[in-house]
Amino acid sequence: MKTMRIMIMFLALMCVLGQVSSADETSDQKAISQKVEQEPLKYTVGPDDVILIDVRRHPEFSGEYTINSEGKIQYKFVGDIPVGGLTKLELKDKLISILAKYVIDPDVDVTISQYRSKVIFIVGEVGAPGKYYMKADIISLRDAVVQAGLPTLAAAMRRTNLIHPSTSGKPKSETVDLYKLIYEGKLDLDREMLPGDVLYVPATVFAKVMRIVNPVAEPIAPATTIERAATGGVTGGVR
């Protein structure tokens, strides 16, 4: 009888602890979801971006526009409109305010058809080095490296340099251990890349040496082949 009471008390305690744990997990999930909702990836349009404006039931106000170097678009029947530095939602609200003078209850939709105002540069030992257009005002270093095809086998990943250019002529540079970030999952090493930043993944010393040796060694192979053909495939002189 005493054993039965102890078991019942133990089960009741486990139920209470389970409810508390599930409540904590639920609150944590809500906090995470609220954080995601509060911190969406933001993109502000700028020069060379191409935006598509659709005004429903009014095709005369619809069209595709390229933002000029002054951050403006030449909008039909309206003229130049400053849009640089606005998000899609802000641009939509601005267009609704402007079109309200010409259209009753305008229904406007804005789409960024080409992202071209913000770029980063990834060079060195990656699968596809080059210039990459950003679809947000910032991008994580890890995401940027994945877009560039990940480091090659010749990469010295532990000596990766993230360079922040400066108009003062004194760019800031920091070393990032790309191996730990990507292959060991140490996200505290991740960094934010801003427009204009340069990520340089250097080559290992062995890879650099092989690139010097290979061009010198390549001509030796054809010469050896010709020599063997001339001697009937026998090397080391005539026996």
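Residues numbered from 1 in each chain as written. Predicted model: local features only at pLDDT ≥ 70, side-chain atom pairs only at ≥ 80, totals over all residues. Heavy atoms only, no water.

Student: So what exactly am I meant to see when it comes to the overall build of the protein here?
Tutor: What the protein contains, in helices and strands, is six helices and 12 strands. Classification of the 239 residues of the protein by burial places 27% in the buried group. Of the contacts made within the protein by residues no fewer than 6 positions apart, 52% connect residues no fewer than 24 positions apart. Taken as a whole, the protein presents about 16100 Å² of accessible surface, with 59% of it coming from carbon and sulfur. (Helix = DSSP H or I, 4+ residues; strand = E, 2+ residues; numbered from the N terminus. Buried < 20%, exposed > 50% of the residue type's maximum accessible area, 1.4 Å probe, protein only. Contact = heavy atoms within 4.5 Å. Areas by Shrake-Rupley, 256 points an atom, 1.4 Å probe, with all protein chains shown as cover.)

Student: Looking at this structure, how should I read unusual backbone geometry?
Tutor: At Arg57, a position not held by glycine, the phi torsion is positive, near 70°. Relative to the helices and strands, Arg57 resides in the loop between β1 (50-55) and β2 (63-66). Exposure remark for Arg57: the relative accessible area of 63% places this residue in the exposed category. The phi angle at Phe77 is positive, at roughly 65°, despite the residue not being glycine. Along the chain, Phe77 falls in the loop between β3 (72-75) and β4 (79-82). Residue class for Phe77 comes out exposed when judged on its relative accessible area of 62%.

Student: How should I be thinking about the side chain of Asp137 in this particular structure?
Tutor: Within the secondary structure, Asp137 is located in the loop between β7 (130-133) and β8 (139-140). On the accessibility criterion, Asp137 (18% relative accessible area) is buried. Engagement of the side chain of Asp137 in a polar contact is seen with the backbone nitrogen of Thr44, the distance being 3.1 Å. When neighbours within four sequence positions are excluded, Asp137 is seen to be in contact with Lys42, Tyr43, Thr44, Lys118, Met193, Leu194 and Pro195. (Polar contact = N/O pair within 3.5 Å; in protein donor to acceptor, adjacent residues only side chain to side chain.)

Student: What is the right way to look at the sheet that holds strand β10 (residues 172-176) in this model?
Tutor: As a general point, the strands of a sheet are linked pairwise by backbone hydrogen bonds and lie either parallel or antiparallel. With mixed pairing, the five strands of this open sheet are ordered in space as β7-β6-β12-β9-β10. With one partner strand each, in any of the chains shown, β7 and β10 form the two edges of the open sheet. Put simply, the sheet's adjacent strands are angled 20° from each other on average, direction ignored. Where strand β6 (residues 119-124) and strand β12 (residues 198-201) come together, four bridges link them in parallel fashion. (Pairing = 2+ DSSP bridges. Axes fitted to C-alpha atoms, helices over the stretch in contact; angles between N-to-C directions.)

Student: Which parts of the structure should I look at to understand the pattern of salt bridges?
Tutor: Where charged atoms from two side chains of opposite charge come close, those side chains can pair. In the structure shown here, the tally under the stated rule is six salt bridges. Between Asp177 and Arg158 there is a salt bridge whose closest N-O contact spans 3.2 Å. Taken together, the positions of Asp177 in the loop between β10 and α4 (178-183) and Arg158 in the loop between α3 (141-147) and β9 (160-164) put the pair 19 residues apart, joining distant regions of the chain. Of the residues examined, Arg158 reaches a relative accessible area of 45% and is grouped as partly exposed. (Salt bridge = Lys/Arg side-chain N within 4 Å of Asp/Glu carboxyl O.)

Student: Please clarify how the pairing of β7 should be interpreted in this entry.
Tutor: Consecutive side chains along a regular strand alternate between the two faces of the sheet. Pairing between β6 and β7: four bridges, direction antiparallel. For Val119, the partnering residue across the bridge sits in β7 and is Tyr133. Between the end of β6 and the start of β7, which pair antiparallel, lie five residues.

Student: Any chance you could explain the pairing of β3 here in plain terms?
Tutor: With burial as the criterion, only one face of β3 is covered, namely that bearing Ile73 and Tyr75; the residues Lys72 and Gln74 on the opposite face remain uncovered. In the sheet, β3 pairs with β4 via four bridges, with the strands oriented antiparallel. Directly across from Lys72, in β4, lies its bridge partner Pro82.

Student: What is the right way to read the confidence of the model for the protein from this model?
Tutor: Close inspection of predicted coordinates is inappropriate for parts of the model with low pLDDT. In this model, the protein carries an average pLDDT of 83, and 74% of its residues clear a pLDDT of 70 or more. Per-element confidence in the protein ranges from a low mean pLDDT of 47 for helix α1 (residues 2-38) to a high of 98 for β12. For the stretch residues 19-39, pLDDT sits under 50, and the model shows zero contacts to residues farther than four places along the chain or on other chains. Taken as a whole, residues 234-239 scores under 50 in pLDDT and shows two contacts with residues more than four places along the chain or in a different chain. (pLDDT = per-residue confidence, 0-100.)

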